[in-house]
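Topology and contacts: notes
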Amino acid sequence: MDGLNRRDFVGLTGMGLLGAQLLGTAATGQGEGPHALPPLPYAVEALEPHYDRETVTLHHDKHHAGYVRGLNAAEAKLADALQSGDFSAAKELCKALAFHGSGHLLHSLFWVNMRPGGGGEPTGSLAAGIAKSFGSFAGFKGLLLAAANSVEGSGWGILAHRSLDDRLVVLQAEKHENLTQWGVAPILALDVWEHAYYLKYQNRRAEWTQAFMDHLVNWENVSANLEAVRG
Ligand code: MN3
């Protein structure tokens, strides 16, 4: 396979973990959990001389595999927490899920984003979307390179689709997430900025979140949102 098929791409951009699951089902399982390391879509030396076989091997077999293991481990701890009702490690758990989940998804995209003899310029609807969003391919390419080159610390340069207005956007990601999970589409938003609750609840954020969940959340709306992102 030399690219994501449309179903995978929709999954990655619009339906969150479904994207990773689609990639995972096509993967070679390691028997460690629900997520598996997807096989490279080409030989380890296929991207030479631009990307060397040693780096590809280490990057895929060690680094990417580490995120898959980390995600499976975090999900196992999540299951334990849900079973026991002990959420004292929720902060660390959410960080681990965001880091490893986003690391797995972005690497899965990264590998299929490359092919031997790639480069050049896109055509078709992607070219049209780039022209609409950035003015020209040269402008887009300059922006993506500058963004990637100036990421603070470790991270990514990313092209993403924003469903809000059907535009393409260039992002920097520090680490993999900080602290979202790439590809997820939010269906419920609970605002815990102080502006959301301070006049009434002052510093008692937990009272506000309890009130939101007990008395305010509109599950019919959340259900409709889920139907919408599932398409
Ligand atoms: Mn990497």
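In the block above lies the structure referred to throughout.
Summarised in this report is the structure supplied together with it. Keep in mind it's a predicted model, so treat the numbers as computed, not measured.

**Some words on the overall build of the protein chain**
Looking only at helices and strands, the protein chain features nine helices and two strands. Considering the protein chain as a whole, with its 231 residues, one finds that 30% of them fall into the buried category. Taken as a whole, the protein chain presents about 14400 Å² of accessible surface, with 56% of it coming from carbon and sulfur.

**Focus: the coordination of the manganese ion**
Here the manganese ion is held by His59 (NE2) and His107 (NE2), and the distances to it run 2.0 to 2.2 Å. Here the residue His59 occupies a position in helix α3 (residues 53–84), and His107 occupies one in helix α4 (residues 90–112), the gap between them amounting to 48 residues.

**Some remarks on the environment of Tyr197**
Its place among the elements puts Tyr197 in the loop between β2 (167–174) and α7 (198–201). According to the relative accessible area criterion, Tyr197 is buried, its value standing at 5%. A C-alpha to C-alpha distance of 9.4 Å links Tyr197 and Glu207, two positions ten residues apart in sequence. Apart from the residues lying within four places of it in its own chain, the contact partners of Tyr197 are Val192, Gln202, Arg205 and Trp208. Within the structure, the side chain of Tyr197 is placed 3.4 Å from the side chain of Arg205, a separation counted as a polar contact.

**Focus on the pairing of β2**
Here strand β1 (residues 155–162) pairs with β2 via eight bridges, running antiparallel. Its bridge partner lying in β2, Trp156 is registered against Ala173. Counted along the chain from β1 to the antiparallel partner β2, the turn is four residues long, and its residue Asp166 has a positive phi close to 55 degrees.

Parameters and conventions
- Residues numbered from 1 in each chain as written.
- Predicted model: local features only at pLDDT ≥ 70, side-chain atom pairs only at ≥ 80, totals over all residues.
- Heavy atoms only, no water.
- Helix = DSSP H or I, 4+ residues; strand = E, 2+ residues; numbered from the N terminus.
- Buried < 20%, exposed > 50% of the residue type's maximum accessible area, 1.4 Å probe, protein only.
- Areas by Shrake-Rupley, 256 points an atom, 1.4 Å probe, with all protein chains shown as cover.
- Donors = N, O, S within 2.8 Å, 3.2 Å for Na, K, Ca; no water.
- Contact = heavy atoms within 4.5 Å.
- Polar contact = N/O pair within 3.5 Å; in protein donor to acceptor, adjacent residues only side chain to side chain.
- Pairing = 2+ DSSP bridges.

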